[in-house]
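Here is how the chains run, residue by residue.
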Amino acid sequence: MRLSWLQRLSLWFYGGAMWALVPMLKRKLRRRGAQESGYLQHIEQRWGLYPGVPVSAGAIWVHAVSLGETRAAAILIKALRQLTPGVRILLTHGTATGRAEGVGLLQAGDVQVWQPWDMPSAVHGFLNHFQPRMVVLLETEVWPQLIHICAQRDLPVHLVNARMSERSLTKAMRQRVLALPAYGRLTSVLAQTEADAQRLRQLGAPVTAVMGNLKYDIQIDASQAALGQQWRASAQRPVVMLASSREGEEAQWLGVSALLSAEDQSSVQWLVVPRHPQRFDAVAQLIEAAGWSVQRRSQWPAGSTPAAQPKTVWLGDSLGEMQAYYHLASVAWLGGSFEPLGGQNLIEAAACGCPIVMGPHTFNFAEAAIQAEQHGAAIRVPSMSEAWAPTQRWVGQSETAQTAQGAACKWLAQGQGAALACAQSLLSSPHP
């Protein structure tokens, strides 16, 4: 695909803007680093500098920007290793939570570094150092300079588990002078759904197949399941979790809980698990300011939950234990869906047998949310104030909860198989 003069000019201005934003990014990293030390590690890697990092020529570069994408990448990487034992992975991330999760995916010969900032010097520095044989981007991670430079080098770039919401399409079309050449110069796109594929094609993306969602192929960690079940056995009351909550949703929950009767409040144990660890302290302070006590997971007794106390909230302030939390909870309220943020991954909850109450905003997982509701694994409510009624039914009627768990198993089974199909497609594609 040849670039027009306007596209070349826009790409040049974009590269200059990204270079000019470096001081702002450095300040942002320092602020985030004050809350999560991971952001302060190896900052030079973001500018394409890798002192002491081994070269990884011939590896498959897998980019998973954050926690959710890294969990999808784990499923894909397992399939790649199954088909090609000994394959080497170059794994990159943009967030500290993604990087922390990705450590567990590494084997001998693999390398993990930060994603290079999307400016020419950083991207060239990355590619010159590591010399990967192909690039695999997860879900939505399309960067104009990266795609342009890879195209110049004839380096294949595949977008896998690709999704595109209507909102994201509208935004991309407003930036079409950069978006169209970026999507149009991808080597292949493996979309999650036909609706995603149609929207991606509007941007000129070469959609070669609709593969389904990698996350349906999730495998439950036995140790996490055992820990969650151990917690559940020690809990004195059914646990209702606000799962992967985002800013504004904890305040909504506090408002809803304040309207419940004392009997309803004491009938369940509330568990709040914020999506982002840098918010743990702020959420604890918010809950305490509303008159609740907080018992943080990091201070729980070994192997058990705290003793039940009136008007006390459990705060899930740990990383890598989401499956344990889902096994502990009798019902999960889906974070990100009660504010206009698109929702979080509800497949993991279903795989753990946890019924889901979701709000109106699930555009990031639109088809999965619709299917979960159709199969009876989830219930959608128009607002959080209406989430308590279905929660009561699930908590109070074991038959209803068991029916939802069975529905979740059937729903997950019909979506599985994407991981091997995606891995086969990648490994059979031409590459240098």
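See the structure above.
Owing to the predicted nature of the structure, the values given are computational and were not obtained by experimental measurement. (Residues numbered from 1 in each chain as written. Predicted model: local features only at pLDDT ≥ 70, side-chain atom pairs only at ≥ 80, totals over all residues. Heavy atoms only, no water.)

**Observations regarding a nonpolar patch on the surface**
Quick reminder of the rule: Residues enter patches when their relative accessible area tops 30% and they take part in no salt bridge; the joining distance is 9 Å for like charges and 5 Å for the nonpolar side chains Val, Leu, Ile, Met, Phe, Trp and Tyr. Areas reported here follow the Shrake-Rupley algorithm with a probe of radius 1.4 Å; residue values treat only the protein chains shown as occluding. A pair is scored as a salt bridge if a Lys or Arg side-chain nitrogen falls within 4 Å of a carboxyl oxygen belonging to Asp or Glu. Each helix corresponds to a stretch of at least 4 residues labelled H or I by DSSP, and each strand to a stretch of at least 2 residues labelled E; elements are numbered beginning at the N terminus.
A grouping of Trp 5, Leu 6, Leu 9, Trp 12 and Phe 13 is seen on the molecular surface, where their side chains present a nonpolar patch of about 630 Å² in accessible area. With respect to the element layout, Trp 12 can be found in helix α1 (residues 5-20).

**Quick notes on empty space enclosed by the protein**
The line we're drawing: The rule is simple: put a 1 Å grid over the protein atoms alone, call a set of points where a 1.4 Å probe fits but cannot get out a cavity, call an open set with protein on both sides within 12 Å along at least five of seven lines a pocket, and count a residue as lining if it has an atom within 4 Å of a point. Grid points are joined across faces, edges and corners, and a volume is the space filled by probe spheres set on the points. Gly falls in the polar group here, along with every residue not listed as nonpolar (Ala, Val, Leu, Ile, Met, Phe, Trp, Tyr, Cys, Pro) or charged (Asp, Glu, Lys, Arg).
Within this structure, the stated rule accounts for 3 cavities of 30 Å³ or more. Taken as a whole, the largest cavity encloses approximately 120 Å³ of empty space. Forming the walls of the largest cavity are 14 residues, and the residues nearest its centre are Leu 67, Arg 71, Val 273, Ser 318 and Met 322. Looking at the lining of the largest cavity, the elements that each hand over two or more residues are α3 (67-83), β9 (269-274) and α14 (322-328). Along the lines of polarity and charge, the residues of the lining of the largest cavity split into 7 nonpolar, 4 polar and 3 charged.

**Topic: the pairing of strand β8 (residues 239-245)**
The following threshold applies: Three exposure classes are used, based on accessible area relative to the maximum for each residue type with a 1.4 Å probe and protein chains only: buried under 20%, partly exposed in between, and exposed over 50%. DSSP calls a pair of strands paired once it identifies at least 2 bridges connecting them.
With 7 of 7 residues buried, β8 is to be regarded as a mostly interior element. Sheet topology places β8 next to β9; 6 bridges connect them, and they run parallel. Within β9, the position partnered with Met 241 by the bridge is Leu 271. Note that β8 and strand β12 (residues 331-334) share 4 bridges and pair parallel. Residue pairing across strands places Leu 242 opposite Trp 333, the latter belonging to β12.

**Considering the sheet that holds β12**
To keep it simple, the criterion reads: Only C-alpha atoms enter the line fits that serve as axes; for helices the fit covers just the stretch in contact. Angles between N-to-C directions range over 0 to 180 degrees. Contacts are assigned to residue pairs that have any heavy atoms within 4.5 Å of one another.
Spatial strand order, β10-β11-β9-β8-β12-β13-β14: 7 strands in an open sheet with parallel pairing. The strands lining the two open edges of the sheet, one partner per strand, are β10 (293-296) and β14 (378-380). Along the sheet, successive strands turn relative to each other by an average axial angle of 25°, direction set aside. Packed on one face of the sheet, helix α16 (residues 366-375) meets β13 (356-358) and β14 and runs near 110° to β14. Against the sheet, helix α17 (residues 388-396) makes contact with β8, β9, β12, β13 and β14, and its axis sits at roughly 160° relative to β12, the strand it touches most.

**Here we look at the packing of aromatic side chains**
Selection rule: Geometry of aromatic contacts follows a simple scheme: Phe, Tyr and Trp rings, the Trp one being its six-membered ring, pair when their centres are within 6.5 Å, and the pair is stacked under 30 degrees between planes, edge-to-face over 60, tilted otherwise. Lysine and arginine charges are scored as sitting over a ring when NZ or CZ, respectively, is within 6 Å of the ring centre and within 35 degrees of the ring normal.
Summed over the entire model, instances satisfying the criterion amount to 14 aromatic pairs. Geometrically, the ring pair formed by Trp 61 and Phe 126 is tilted, given 4.2 Å between the ring centres and 40° between the ring planes. Pair noted here: Trp 61 is in strand β1 (residues 60-63) and Phe 126 is in helix α5 (residues 120-130), with a separation of 65 residues, a long-range link. Judged by relative accessible area, which is 1%, Trp 61 ranks as buried. Geometrically, the ring pair formed by Tyr 216 and Trp 411 is edge-to-face, given 5.6 Å between the ring centres and 85° between the ring planes. One end of the pair, Tyr 216, is in the loop between β7 (207-210) and α10 (222-234); the other, Trp 411, is in helix α18 (residues 398-414), with 195 residues separating them in the sequence. Three or more aromatic residues link up through ring pairs in this structure, and these residues are Trp 253, Trp 270, Trp 292, Trp 333 and Trp 388. Above the plane of the ring of Trp 114 lies Arg 46, whose end atom (NZ or CZ) is 3.8 Å from the centre. Above the ring of Trp 114, the side-chain terminus of Arg 99 is found at 4.7 Å from the ring centroid.

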